[in-house]
Amino acid sequence: MDNATQEKLFAAAIPLFAKKGYAAVSIREIAKAADVNVSSISYYFRGKEGLYHAIIESHVATIGKAVLSAESLSPEERLRNYAKAISEVHTKKPYVARFIQSELVNPTSAMDKILKKNLFSFYRYLNKAIQDGIDTGLFRADLNVHHAALSLVGILNFYFIAKPLFRDFLDTSVETDADYAEQAVTIYLEGIRRK
């Protein structure tokens, strides 16, 4: 994003949408928080929905770039790459978990237009990496590929979703986030590797 006004709108809207949900946030509230004219939301994003969609797209694009750049890696490296990308997106965009939770509970048009399409492409990426690992003899042949993919998604994302609950008794620094993702994928891989 090149425009300072667009960046101000993003910075103001992200925490508002994440904390209150799409329906509970008004364009006036966003404009006031960004210290910009209300009409700038329509000018740059064609309204509140367009701004919300742009935010969701920016969140999933970070994972998408990492996934697309890893197609030539080994199956294990692809899964590690995915784990690293998930950790990085949650660290760089700490509200991503809230957006996904909000969309699961109270779906908006972003669910069908953006999230389903992108999340299913990540799921297919994981399925392919796991199936390739099975086909090459690296991973166990008895794996249910779909369950194995969902397991990795759950292992990685649960930590970031539940992180606010753990703050009182765990170190939740950025380094710890990356360490968690690396350890989680290592444990996961030990479970799916052919012995």
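All of the points below concern the structure found in this document. Since we're looking at a predicted model, the values are computed, not measured. (Residues numbered from 1 in each chain as written. Predicted model: local features only at pLDDT ≥ 70, side-chain atom pairs only at ≥ 80, totals over all residues. Heavy atoms only, no water.)

1. Observations regarding the overall build of the protein chain
1) Next: When helices and strands are counted, the protein chain shows nine helices and zero strands.
2) Next: Counting from the amino terminus, the protein chain carries its helices and strands in the arrangement α-α-α-α-α-α-α-α-α.
3) Next: By principal-axis analysis of the C-alpha atoms, the protein chain measures approximately 60 × 35 × 30 Å.
4) Next: A sequence separation of at least 24 residues applies to 68% of the contacts in the protein chain between residues at least 6 apart.
5) Next: Surface exposure of the protein chain reaches about 10,800 Å², of which carbon and sulfur atoms provide 56%. (Helix = DSSP H or I, 4+ residues; strand = E, 2+ residues; numbered from the N terminus. Contact = heavy atoms within 4.5 Å. Areas by Shrake-Rupley, 256 points an atom, 1.4 Å probe, with all protein chains shown as cover.)

2. What about the environment of Leu73?
1) Next: Of note, Leu73 is situated in the loop between helix 4 (48–68) and helix 5 (75–92).
2) Next: Sequence separation between Leu73 and Phe169 is 96 residues, and the spatial gap between their C-alpha atoms is 37 Å.
3) Next: In contact with Leu73, other than residues within four places in its own chain, are Arg78 and Asn81.

3. Considerations on the layout of surface pockets
1) Next: In this structure, the largest pocket encloses a volume near 550 Å³.
2) Next: Forming the walls of the largest pocket are 24 residues, and the residues nearest its centre are Tyr82, Ile100, Leu119, Val153 and Asn157.
3) Next: In terms of residue count, the dominant contributor to the lining of the largest pocket is helix 7 (residues 109–135) (seven residues).
4) Next: The residue inventory of the lining of the largest pocket, partitioned by class, reads 18 nonpolar, five polar and one charged. (1 Å grid on protein atoms, 1.4 Å probe; cavity = no way out; pocket = protein on both sides within 12 Å on 5 of 7 lines; lining within 4 Å. Points joined across faces, edges and corners; volume = space filled by probe spheres on them. Nonpolar A, V, L, I, M, F, W, Y, C, P; charged D, E, K, R; others polar.)

4. Section: helix 2 (residues 27–34)
1) Next: Along helix 2, the residues classified as buried are Ile30, Ala31 and Ala34. Seen along its axis, helix 2 keeps its buried residues to an arc of 95°; they face one direction. The outward face of helix 2, more than 90 degrees from its buried face, is lined by the exposed residues Arg28, Lys32 and Ala33.
2) Next: Elements that come into contact with the buried residues of helix 2 comprise helix 1 (4–20), helix 3 (39–45) and helix 4.
3) Next: Phi turns positive one or two residues past the end of helix 2, at Asp35, with a value near 60°. (Buried < 20%, exposed > 50% of the residue type's maximum accessible area, 1.4 Å probe, protein only. Arc of directions from axis to C-beta.)

5. Points about the nonpolar core
1) Next: Ranked by size, the top nonpolar core spans 55 residues in total, and within it Phe17, Ile30, Leu51, Leu79, Tyr82 and Ile130 carry the most contacts.
2) Next: Elements supplying a minimum of two residues to this core: helix 1, helix 2, helix 3, helix 4, helix 5, helix 7, helix 8 (145–166) and helix 9 (174–192).
3) Next: Those residues in contact with Leu79, other than ones at most four positions away along the chain, are Leu126, Ala129, Ile130, Phe139, Leu152, Val185, Tyr188, Leu189 and Ile192. (Core = buried A, V, L, I, M, F, W, Y, C linked by side-chain atoms within 4.5 Å.)

6. Concerning the environment of Val105
1) Next: Counting through the fold element by element, Val105 comes out in helix 6 (residues 96–105).
2) Next: Expressed as a C-alpha distance, the spacing of Val105 and Ala83, which sit 22 residues apart in the sequence, is 25 Å.

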